[in-house]
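The chain contents come next:
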Amino acid sequence: MATAKNDRSCACSRRGAVQTPPACVSDDCPPSSERMDLDRRCLEECPQLGIMDTLQLLNLQHNLITRIQHLTHLRRLLFLDLYENHISEMTGMEALSSLRVLLLGKNRIHKICCLENLSNLEVLDLHGNQISKIENVSHLSELRVLNLAGNSISRVENLRGMESLTELNLRCNCISVVTEADRLPRLQRLFLSCNIITSFDELACLGESRSLSELTLDGNPVALETWYKQAVLRCVLHLRQLDMKRITDEERRMAGVQARKEEEKKRESHKQTIHKEKRRLAIRNAAQQWEGIRACLELPPQNGLKEEVSPENSPAHSPAQSNGLAQEPSPDEPRRVSPGSGPERLIAGSENKLRTNSRPNSPRDPKLQEAGGGSVQSLSLSDSHLAELDGDTLRLFGPGALEALERGWGVQTAGAVTVITFRYINFDTIVPTLPRIRVKFPNLSHLIFLETNISRLPQLAALAQVRRLDQLTIHPEGNPVVGLALWRSFIIYRLHHFNLQRINAVEVTMNDVIAAERVFGTLGHIAATETPRCRLLLLLEESRKRQLQFLLEGRGRRAGLSPEELRDNGKLLGEGLSRALFNYPSRDCNADSPEEGAVESSERAAVTEQYLQELVQRASDTNLKGEALHKLWPSMFVEMVRDCVLEMRDRVAFRQASLARLSQTK
């Protein structure tokens, strides 16, 4: 009842020029041709007022009236009060075109209607009814006060066209979203207490209002928020009263500070959104360029391998099988552990076991697109490549991302990088950067290759150029080498000095090392002992060349070395030499420019051609000598036999001649 009285008094106190007459509570009230008070008369219908066509004010509140009727001749009526009756429909007022105040609160009305001809209406009170929707009021351009409190309205809508509305009362409804309030140019007071508004986003339109000065939101869930008052003041800048309390200067200042912080947060969020979109486009374009390169290289399809999301699913990575050599896994099998390894390093460096195995911008690859978070630092970003640093992980997408390796890296930043991921970059383009990676990132322990066209075993030997490596991940997609049976054994053998702990998330065991040595050890030993010196110098890198040169000039200068001496020399050169012969030289690894790389490549080609020509010439000469011997041998054999027979015909003379030759030899 208190709320109803407040809503009624609120509507009646702001009727402007139209004033409510003093209430007549008895039959002794003097009659008037302009006013009539029929309050609390237990009337069940509107009375027939005869010829009182000059009547301007009619009070019928607190009766039992169920229908509005008998009022069509009151053409001058300005004020009609039907508060607290039993009216269910707003009919019977179509002829009251002069009406300015209409009070229909506390009735049983379900729908707002029949107001088309009441264009001069200034105050409309419909509080305490059963109305569920605001409608049929947009034509009331003169309406200044609209009271719809205590109904069942769920949305604030259909208010356009009410250009004179200054007060809107919507207390005690079911409103969750406020819209179109910014379309009321003169709205000053808005009452939204006791609704179900839960978020400031549902009040966004109030921020566009330039005339709103009073607002009530108490009784809503949103009013329980910690920064409720500051948030409202930040949204509605011109507000003077909130929940019937005056806004102080301090509160307005705090709201301004909060508003600036919120604006900065929005700008930062917008900036991050733009960066994420650029990142997504860069990865997509890098993937498209890679598809073009892949088509040119005619890489084999990876349909069968794409389904293998985890490296453990691949038969080549099974712990019970080492590259085609079946082995029985033993629970007591010894495992190699290096000082730098541990559960933390193995987990942190695994890149979450390859966070994705599908193309970006596809339904199967949401994580890659979301990888750019607040802690990710973009190092290089263009339309077709991306280089970003995420904690201890450096991600490179597209060939252009390799330029990030040339930037000035701080000692602390470079030392924190332990994982580098390459994607959509041809491996032969990566190889020249490995020496720089060795120098720049001393704590690097994990390399990940996704779609880099690693197709041959010798390419894997190039990884020996980095400083250290605990884990290596080569994803099956875009890397055909993973389909080879011995690729894992070759890595274990060639990168033995790294003491690798995991390959494609599968732990390297001692059995794996023994199996790899069994397959490639003999081959490497033969290559180290039987390969000509010039060929060794051509294959080995500079440090190995100097070591080999010293040993060959110091201990291998004598001609006619025995097999035992050759084996000793092989031991002196060390096991590393046999592994180093499995080399993958980069065409421009030591070149400062493409021209120098071309010159070095041509020189290497000339040396190779000369070596092959010498081999062919020697083989040809040997063949010619063999053919000549084959032709001359019969006659030579006959002459040799004849000479022996003639010489031994006189045995005594032959013995004396033989003794004389022996004496001369001594």
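Residues numbered from 1 in each chain as written. Predicted model: local features only at pLDDT ≥ 70, side-chain atom pairs only at ≥ 80, totals over all residues. Heavy atoms only, no water.

1. A look at the overall build of the protein
Tallying secondary structure elements over the protein gives 19 helices and 23 strands in all. With 666 residues in all, the protein has 42% of them scored as buried. Taking the intrachain contacts of the protein between residues at least 6 apart in sequence as the baseline, contacts between residues at least 24 apart amount to 52%. On the protein, roughly 35600 Å² of surface is accessible, and the fraction owed to carbon and sulfur atoms is 53%. (Helix = DSSP H or I, 4+ residues; strand = E, 2+ residues; numbered from the N terminus. Buried < 20%, exposed > 50% of the residue type's maximum accessible area, 1.4 Å probe, protein only. Contact = heavy atoms within 4.5 Å. Areas by Shrake-Rupley, 256 points an atom, 1.4 Å probe, with all protein chains shown as cover.)

2. Things to note about the pattern of salt bridges
For the coordinates displayed, the defined rule picks out 15 salt bridges. With a closest N to O distance of 3.2 Å, R144 and E122 form a salt bridge. Of the two residues, R144 is situated in the loop between β5 (123-125) and β6 (145-147) and E122 in the loop between β4 (101-103) and β5; the sequence distance between them amounts to 22 residues. Several salt bridges share partner residues, and in doing so they unite R279, E388, D390 and R395 into one network. (Salt bridge = Lys/Arg side-chain N within 4 Å of Asp/Glu carboxyl O.)

3. A few points about the packing of aromatic side chains
One pass over the structure, following the stated rule, counts six aromatic pairs. Ring geometry for W409 against F441: centres 5.0 Å apart, planes inclined by 80°, an arrangement best described as edge-to-face. You can see W409 sitting in the loop between β18 (393-397) and α8 (411-416) and its partner F441 sitting in the loop between α10 (434-440) and β20 (446-450), a full 32 residues away along the chain. Among the residues examined, W409 registers a relative accessible area of 13% and is labelled buried. On the basis of relative accessible area, F441 is assigned to the buried category, the value being 1%. Measuring from centroid to centroid gives 5.3 Å for F422 and F449, while their planes differ by 10°, and the two rings are stacked. Of the two residues, F422 sits in strand β19 (residues 419-423) while F449 sits in strand β20, which places them 27 residues apart along the sequence. Looking at F449, the relative accessible area reads 1%, which means it is buried. Among the aromatic residues, those joined into a cluster by ring pairs are F422, F427 and F449. The cationic tip of R407 hangs over the ring face of W409; the distance from NZ or CZ to the ring centre is 5.1 Å. (Phe/Tyr/Trp six-rings, centres within 6.5 Å; stacked < 30°, edge-to-face > 60°. Lys NZ or Arg CZ within 6 Å of the ring centre and 35° of its normal.)

4. Quick look at the confidence of the model for the protein
Summarising the model, the protein shows a mean pLDDT of 77, and 73% of its residues fall at 70 or more. Scored below 50 in pLDDT, residues 554-561 shows nine contacts in the model against residues more than four places distant or in partner chains. (pLDDT = per-residue confidence, 0-100.)

5. Brief notes about the packing of helix α12 (residues 487-494) against helix α13 (residues 510-530)
Closest axis-to-axis distance for the α12/α13 pair is 8 Å, and the angle between their directions is 80°. The angle between α12 and α13 places the two elements in the roughly perpendicular class. Contacts between α12 and α13 involve R488, S489, F490, I492 and Y493 from the former and D512, V513, A516, E517, F520, G521 and G524 from the latter. (Axes fitted to C-alpha atoms, helices over the stretch in contact; angles between N-to-C directions. Parallel < 35°, antiparallel > 145°, perpendicular 65-115°, else oblique.)

6. Some words on the sheet that holds strand β23 (residues 506-507)
Here eight strands make up an open sheet; going across it, the order is β16-β17-β18-β19-β20-β21-β22-β23 and the pairing mixed. Either end of the sheet is taken by a strand with one partner, and the two such strands are β16 (376-381) and β23. Pairing of strand β17 (residues 386-390) with β18 involves five bridges; the strand directions are antiparallel. Paired with D390 across the bridge in β18 is T393. (Pairing = 2+ DSSP bridges.)

7. Overview of a nonpolar patch on the surface
Where nonpolar side chains cluster on the molecular surface, the patch consists of L629, L632, W633, M636, F637, M640, V641 and V645 and spans about 760 Å² of accessible area. In this structure M640 comes out as partly exposed when scored by relative accessible area, which is 45%. (Patch = residues over 30% accessible without salt bridge, like charges linked within 9 Å, V, L, I, M, F, W, Y side chains within 5 Å.)

8. Let's talk about the state of the cysteines
Each disulfide is one covalent bond, formed between the sulfur atoms of two cysteines. Overall, the coordinates contain zero disulfides when judged by the stated rule. Take C114: it sits in no disulfide, and the sulfur closest to it among the cysteines is that of C113, at 3.7 Å. Of the residues examined, C114 reaches a relative accessible area of 16% and is grouped as buried. (Disulfide = S-S within 2.5 Å.)

9. Some points on unusual backbone geometry
Residue E84 is not a glycine yet carries a positive backbone phi of 55°. One can find E84 in the loop between β3 (79-81) and β4. Located in the positive-phi region is E451, a residue other than glycine, with phi close to 55°. By the secondary structure assignment, E451 is in the loop between β20 and α11 (457-460).

10. Brief notes about the nonpolar core
With 67 residues, the main nonpolar core has L58, L80, L102, L104, V178, L192 and L206 as its most contacted residues. Counting residues per element, this core draws most heavily on helix α2 (residues 228-235), at three residues. In this structure, L104 is in contact with I68, L82, I87, M90, M93, I109, D125, L126, H127 and N129, ignoring residues within four places of it in sequence. If you look at the next biggest cluster of nonpolar residues, it comprises 51 residues, including W409, F441, V482 and F498. (Core = buried A, V, L, I, M, F, W, Y, C linked by side-chain atoms within 4.5 Å.)

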